[in-house]
Amino acid sequence: PRGGSRGHPDLCWPCLFHAQGTCQKGDTCGFCHVMHPRRPVRFDKLHRETLKRMPFGHLIGAALPILREKYGNIQDCLDASVCVAVEALFPRFEA
């Protein structure tokens, strides 16, 4: 992916003009021209409160697989030093 599509779908912003077929910037557009899925469902207040009360170990256990997947999706867009730092964090939370 080029330009604004780099890091799709986790780090980019969709081009609203491209979705309408009216983007005139093409490859120089700073927004993503790759099709995006619908926005994910957001947590409601009850879900957010439940997560706040959840013990840290349980929260990390639930979130870590999702974070690993997201990191795998964006890894190619990150500097090597950032990748080293992120990869050093994962083992600390898996213990």
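These figures come from a predicted structure and were not determined experimentally. Numbers given to residues run from 1 along each chain, matching the order in which its sequence is written. The predicted nature of this model means local features are confined to residues of pLDDT at least 70 and side-chain atom pairs, given and counted, to a pLDDT of 80 or more, with totals for whole chains, interfaces and linings taken over all residues. Only heavy atoms go into the side-chain values, all of them from the structure, while hydrogens and water stay out.

1. Here we look at the overall build of the protein
On a plain count of helices and strands, the protein comes out with 4 helices and 0 strands. Overall, the protein shows an N-to-C arrangement of helices and strands of α-α-α-α. Here the protein has a C-alpha radius of gyration of 17 Å; the compact-globule value for 95 residues is 12 Å, and the former is much larger. Each principal axis of the C-alpha atoms in the protein carries an extent, and together these give about 50 × 35 × 15 Å. Secondary structure counts use DSSP, requiring at least four H or I residues in a row for a helix and at least two E residues in a row for a strand, with both numbered from the N terminus. Here the globule rule reads 2.2 Å times residues to the power 0.38, and the radius of gyration is calculated from C-alpha atoms.

2. Examining the environment of leucine 11
Residue placement: leucine 11 occurs in the segment before α1 (16–20). For leucine 11 and glutamate 94, which are 83 residues apart along the polypeptide, the C-alpha to C-alpha distance reads 25 Å. Any pair of residues with heavy atoms lying within 4.5 Å of one another is described as a contacting pair. Those residues in contact with leucine 11 that lie beyond four places of it in its chain are Arg6, Ile74 and Cys77.

3. With respect to the pattern of salt bridges
Definition used for salt bridges: Asp or Glu carboxyl oxygen within 4 Å of a side-chain nitrogen of Lys or Arg. Summed over all chains, the structure comprises 1 salt bridge. Taking the shortest distance from any N to any O, the salt bridge between lysine 52 and glutamate 49 comes out at 3.7 Å. You can see lysine 52 and its partner glutamate 49 sitting in helix α2 (residues 45–53), 3 residues apart, about one turn around the helix.

4. Re the environment of lysine 70
With respect to the helices, strands and loops of the structure, lysine 70 is situated in helix α3 (residues 56–74). Sequence separation between lysine 70 and aspartate 10 is 60 residues, and the spatial gap between their C-alpha atoms is 7.2 Å.

5. Some words on a nonpolar patch on the surface
Residues qualify for a patch when their relative accessible area is over 30% and they have no salt bridge, like charges being joined within 9 Å and the nonpolar side chains of Val, Leu, Ile, Met, Phe, Trp and Tyr within 5 Å. The Shrake-Rupley method, run with a 1.4 Å probe, gives the accessible areas here. Residue values count only the displayed protein chains as cover. On the surface, a cluster of nonpolar side chains totalling about 290 Å² of accessible area is made up of Phe56, Leu89 and Phe93. The residue phenylalanine 93 is located in helix α4 (residues 80–94) in this model.

6. Here we look at the confidence of the model for the protein
Values of pLDDT, which run from 0 to 100, indicate the predictor's confidence residue by residue. For the protein, the average pLDDT comes to 85, and 96% of its residues sit at 70 or higher. Element-level mean pLDDT values for the protein span from 85 in α1 up to 92 in α2.

7. Considerations on the environment of isoleucine 74
With respect to the helices, strands and loops of the structure, isoleucine 74 is situated in helix α3. The buried category is assigned to isoleucine 74, whose relative accessible area is 16%. Along the chain, isoleucine 74 and arginine 38 lie 36 residues apart, while their C-alpha atoms are 19 Å from each other. Setting aside chain neighbours within four positions, we find isoleucine 74 in contact with Gly7, Asp10 and Leu11. Any residue under 20% of the maximum accessible area for its type is buried, any over 50% is exposed, and the rest in between are partly exposed; the area is computed with a 1.4 Å probe on protein chains only.

8. Details of the state of the cysteines
In this description, the term disulfide denotes a pair of cysteine sulfurs within 2.5 Å. Per the counting criterion, the structure on display carries 0 disulfides. Cysteine 32 forms no disulfide, and the closest cysteine sulfur to it belongs to cysteine 12, at a distance of 3.6 Å. Relative accessible area serves as the criterion here: at 2%, cysteine 32 is assigned to the buried category. A disulfide-free cysteine, cysteine 83 has its sulfur positioned 9.5 Å from the sulfur of cysteine 77, the nearest such atom.

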